[in-house]
Amino acid sequence: MVLQTTNTRDALVAEVRHQILSGVLAPGTALTEQGLATTFGVARPTVRSALQELVGRHLVERSEGRSLRVPVLTSADVRDLFTVRLPLELTAVRLIVGQGRPLDGVSTALSALEALPPGAGWSARVEAHTAFHLALVDAAGSVRLSRIYPPLQEEMQLCLARLRGSYPDPAELAVEHRRLLEAVASGNPASAEAEMRDHLERARRGLLDL
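Quick caveat, the model's predicted, so the values are computed rather than measured.

A.B. asks: Just checking my understanding: could you explain the packing of helix α4 (residues 75-99) against helix α6 (residues 122-139) for this structure?
C.D. replies: Packed helices, taken two at a time, are described by the angle between their axes plus the distance between the axes. Across the interface, α4 lies against α6 with an axial gap of 8 Å and an inter-helix angle of 55°. Compared by their axis directions, α4 and α6 come out oblique. The segment α4 lies against α6, with R85, E89, A92 and I96 engaging H129, H133, L136, V137 and A139. Taken together, the residues of the contact of α4 with α6 sort by class into five nonpolar, two polar and two charged.

What follows is the structure in structure tokens.
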């Protein structure tokens, strides 16, 4: 018996998500069942199910008129996301350093980010960046921390999509994360926490300056 690894709905979720994170679908773009059904040649019930999944992952939102659109993140949204994100990632760093936990998964994720070719699309860099932070949180060894963190990263990816084109050298993403990993791996709690704070503050300022 051969299991089907994907279905039309999941493929549609993946493609719309890719277009949102790559900037093909800009913030505020309306997403209609009929429009997506026509574009991708799928049935409207499939589109409806896919959109429900994307709403649940905060990658699509309902506007005041109840129509669906690509989220438009305000400066207040960015500040709020980082208000929640900072203590979660600092907790992960404290657990990793305090317990001397292994960082193999984080190193693997960083290697994937560093291995991206110069011509890699921004969405590929966003995915690799997200994988690094998810691996870092998982390295803390807290089941509940690993459970509550991923939905936040879905919204963070919307923030990263806004940075597309603002990095003079996209490879700088890998350099920043190498510096962060080295600080965590140093075993020095003060250094690790300081680098995490600086890392997230640089990202926050970059988003608020757009």
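And the narrative resumes.
A.B. asks: In this structure, what is going on with the nonpolar core? I would like to understand it.
C.D. replies: Among soluble globular proteins, nonpolar side chains are generally buried collectively. L103, V106 and V184 are the most contacted members of the largest nonpolar core, which totals 59 residues. It is α4 that contributes the most residues to this core, nine residues altogether. Counting the residues that make up this core, at least three belong to each of domain 1 (8-70) and domain 2 (75-209). Those residues in contact with V106 that lie beyond four places of it in its chain are F132, A135, L136, A139 and L181.

A.B. asks: Please clarify how α4 should be interpreted in this entry.
C.D. replies: Turn by turn, an α-helix covers 3.6 residues, leaving residues three or four places apart pointing in a common direction. Helix length check: α4, at 25 residues, gives a terminal C-alpha distance of 36 Å against a target of 36 Å (1.5 Å per residue), a fit within 8%. All buried positions along α4 are accounted for by V78, L81, F82, R85, L88, E89, L90, A92, V93, I96 and V97. Where the residues of α4 are buried, they touch α6, α7 (143-162), α8 (172-185) and α9 (189-208).

A.B. asks: What is the right way to read the side chain of R17 from this model?
C.D. replies: Counting through the fold element by element, R17 comes out in helix α1 (residues 8-22). For R17, a relative accessible area of 13% puts it in the buried group. Only 3.3 Å separates the side chain of R17 from the side chain of Q157, close enough to count as a polar contact. The residues touching R17, leaving out its near neighbours within four places in the chain, are L54, R57, L59, E127, E154 and Q157.

A.B. asks: It is not clear to me how unusual backbone geometry should be interpreted in this structure. Could you clarify?
C.D. replies: A positive phi is found at H58, a non-glycine position, where the angle reads about 65°. Structurally, H58 is set in the loop between α3 (44-56) and β1 (61-62).

A.B. asks: What's the story with the domain arrangement of the protein in this structure? I'm lost.
C.D. replies: By convention, interface size is frequently given as the accessible area that disappears when the constituent parts associate. Partitioning the protein into structural domains gives domain 1 (8-70) and domain 2 (75-209). Each of domain 1 and domain 2 was reduced to a C-alpha centroid, and the two centroids are 26 Å apart. In this assembly, nine residues from domain 1 lie in contact with nine residues from domain 2. Both sides of the domain 1 and domain 2 interface together cover about 900 Å² of buried area, and 54% of this is carbon and sulfur. There are three salt bridges connecting domain 1 and domain 2.

A.B. asks: Would you explain the pattern of salt bridges in this entry?
C.D. replies: Oppositely charged side chains are able to pair whenever their charged atoms sit close together. What the rule picks out here adds up to 16 salt bridges. For E33, the salt bridge identified is with R48, shortest N-O distance 3.0 Å. Residue E33 is found in helix α2 (residues 33-40), and its partner R48 is found in helix α3; the two are separated by 15 residues along the sequence. Judged by its relative accessible area of 37%, R48 falls in the partly exposed class.

A.B. asks: Quick question: what am I supposed to make of the packing of α8 against α9 here?
C.D. replies: Between α8 and α9, whose axes approach to 8 Å, the crossing angle comes to 155°. In terms of their interaxial angle, α8 and α9 are classed as roughly antiparallel. Relative to α9, the crossing made by α8 is left-handed. Residue-level inspection shows E176, H177, R179, L180, A183 and V184 of α8 in contact with α9, the latter providing S191, A192, E195, M196, H199 and R202. The class makeup of the residues in the contact of α8 with α9 is five nonpolar, three polar and four charged.

A.B. asks: It is not clear to me how the side chain of Q19 should be interpreted in this structure. Could you clarify?
C.D. replies: Along the chain, the position of Q19 falls in helix α1. Filtering out sequence-adjacent residues up to four positions away, Q19 remains in contact with V24, L25 and F40.

About the criteria used
- Residue indices follow the written sequence of each chain, beginning from 1 at its first position.
- Where local features are concerned, this predicted model is filtered to residues with pLDDT of at least 70; where side-chain atom pairs are given and counted, the filter is 80 or more; whole-chain, interface and lining totals use all residues.
- Each side-chain value is worked out from all heavy atoms of the structure, with water and hydrogens disregarded.
- For helices, the axis comes from a line fit to the C-alpha atoms of the stretch in contact; other axes are also lines fit to C-alpha atoms, and the angle between any two N-to-C directions lies between 0 and 180 degrees.
- For the purposes of this entry, the term helix denotes a DSSP run of H or I that reaches at least four residues, the term strand denotes a run of E that reaches at least two, and both are numbered from the N terminus.
- Note on angle classes: values under 35 degrees are labelled roughly parallel, values over 145 roughly antiparallel, values of 65 to 115 roughly perpendicular, and the remainder oblique.
- Whether two residues touch is decided by their heavy atoms; if any such pair falls within 4.5 Å, the residues are in contact.
- Residues were grouped as follows: Ala, Val, Leu, Ile, Met, Phe, Trp, Tyr, Cys and Pro as nonpolar; Asp, Glu, Lys and Arg as charged; and all remaining residues, including Gly, as polar.
- Buried Ala, Val, Leu, Ile, Met, Phe, Trp, Tyr and Cys residues that are joined via side-chain atoms within 4.5 Å together make up what is termed a nonpolar core.
- Relative accessibility decides the category of a residue: with a 1.4 Å probe and only protein chains considered, values under 20% of the type maximum give buried, values over 50% give exposed, and everything between is partly exposed.
- Each domain span listed reflects an automatic or database assignment of domains.
- The span one expects for a helix is its residue count, reduced by one, times 1.5 Å.
- What qualifies as a polar contact is a pair of N or O atoms within 3.5 Å, subject to a donor-acceptor requirement within protein and to the restriction that residues adjacent in sequence count only when both atoms come from side chains.
- By buried area we mean how much accessible surface two parts lose on assembly, using a 1.4 Å probe and totalling the loss over both.
- For this analysis, a salt bridge means a side-chain nitrogen from Lys or Arg found within 4 Å of a carboxyl oxygen belonging to Asp or Glu.
- Helix crossings fall into two classes, left-handed where the near helix is turned counterclockwise from the far one by less than a right angle and right-handed where it is turned clockwise.

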